[in-house]
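The residues making up each chain are set out below.
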Amino acid sequence: IIIYQQPEELYSTGDIINLPLKITSSSDIDGFFKMQLICNGLETEIYKEYVVLSAGQEKEINPSIPLITSLVGRSTGNCVIKAVLIEDYVLTSEFQISDVINLELIDNGAEFYPEEKVIIEGEAIKENGDLTEGFIDIVMFLDGSEPISFSDTVKNGYFYIEYPLDKNVKAGAYAVRIDVYEKNSLGEITNKGFLDYSISVLQVPTNLEILFETQKVEPGTNFKVKAILHDQTGEKIDSRVVIIVENPKKDIKGQSEVATDEYFEVPILSNEKASEWSVIATSNELKAESNFSIIESAKIKTEILNRTLLITNIGNV
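As the structure is a computational prediction, the values presented were derived from the model and not from experiment.

Backbone geometry at Glu115 places phi at a positive 70°, although glycine is not the residue there. Overall, Glu115 belongs to the exposed group, its relative accessible area being 57%. A positive phi angle, close to 50°, is found at Asn156, a residue other than glycine.

With that out of the way, let us pick up the confidence of the model for the chain. With 100% of its residues at a pLDDT of at least 70, the chain reaches an overall mean of 92. The least confident element of the chain, judged by mean pLDDT, is helix H1 (residues 69-72) at 78; the most confident is strand S24 (residues 240-246) at 97.

With that out of the way, let us pick up the pairing of strand S16 (residues 148-154). Sheet topology places strand S15 (residues 134-141) next to S16; seven bridges connect them, and they run antiparallel. The partner of Val139 across the bridge, within S16, is Ser149.

Another aspect to go through is a nonpolar patch on the surface. Among the surface-exposed residues, Ile300, Ile304, Leu309 and Ile311 lie close enough to one another that they form a single nonpolar patch of about 450 Å² accessible area. Secondary-structure elements contributing two or more residues to the nonpolar patch are strand S29 (300-305) and strand S30 (308-313). Among the structural elements, Ile311 can be located in strand S30.

Turning to the sheet that holds strand S4 (residues 21-24), a few remarks are in order. Read across the open sheet, the three strands follow the order S1-S4-S7; overall the sheet is antiparallel. Looking at which strands have only one partner, the edges of the open sheet turn out to be strand S1 (2-3) and strand S7 (58-61). Pairing geometry for S4 and S7, over four bridges, is antiparallel. Bridge pairing links Leu21 to Ile61 in S7.

Reading the values: the criteria
- The written sequence of each chain sets the order in which its residues are numbered from 1.
- Local features in this predicted model are restricted to residues of pLDDT 70 or higher, and side-chain atom pairs are both shown and tallied only at a pLDDT of 80 or more, whereas totals for entire chains, interfaces and linings draw on every residue.
- No hydrogens and no water enter the side-chain calculation; it runs on all heavy atoms of the structure.
- Exposure is judged per residue with a 1.4 Å probe applied to protein chains only, and the accessible area is read against the type maximum: over 50% gives exposed, under 20% gives buried, and values in between give partly exposed.
- pLDDT is a residue-level measure of predictor confidence that goes from 0 to 100.
- Only DSSP runs of H or I reaching four residues or more are called helices, and only runs of E reaching two or more are called strands; each is numbered from the N terminus.
- Strands qualify as paired when DSSP identifies two bridges or more between them.
- What makes a patch is a set of residues exposed beyond 30% relative accessible area and free of salt bridges, joined within 9 Å when like-charged and within 5 Å when nonpolar (Val, Leu, Ile, Met, Phe, Trp, Tyr).
- Note that accessible areas follow from Shrake-Rupley with a 1.4 Å probe, and for residues the cover is restricted to the protein chains shown.
- Any carboxyl oxygen of Asp or Glu within 4 Å of a side-chain nitrogen of Lys or Arg constitutes a salt bridge here.

In structure tokens:
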């Protein structure tokens, strides 16, 4: 058995191995000629032909071995082909079969705002150096949220996908899983590769809320107010806020810049008239206004001096 051409060093699943050879003998031959693919100790028959030769005759055989699942199974790794004629055999040189697709991303940024397009661009090259022609599936995960999935095709080893984020997408660090694969005519996956990385969806201030400890304030106490900044899904955003407290005459009775979700206190005089005051909060170009009431408070202070009762009105009515 004379092998004219040894296998190449590396094949990807789905490739074809051409192995031209010649059978010659000095005696009559009447039996099966077989070829077996041996990968990591696993033997798979890939070719079989009945050969009848008289002494001195020669026969050329040009088998083309497609590396498809239906023929070679999932054989990968370090392999040789064993050509057997009755009791004689020869082995080819060692070669490798790989089902791996190597992925490489082009830097497209890692931080995105709601309604911005996530761009995923890259190359998919098989281990034998051939360009991938197949499909890509992408899944984005965030703990506690529904995964975001989308798919496309890979052409000439290149993929480019734009995915517009929803305006209400939840902020956080998303784990991104990219799967690229090829299929044969039977729909079987031949070569595959994957890549994991992460992107961040940023918080966008969308709402500013004013909260009072109590909306009816008694004179002689401290009025407490805070502002909470919300993002696109209602989650809190840590930031700074300017709070202004005004009386009905628009006189500023208190003003400060504080952290969001932190109370700002304004003392209310004990004789402040019952009225409705306003609060104005501004943060990240958002503005909110709300009102609170100073309620009526009827209070007196009594003293006895030299058998005289002194009564003082210390309330606001």
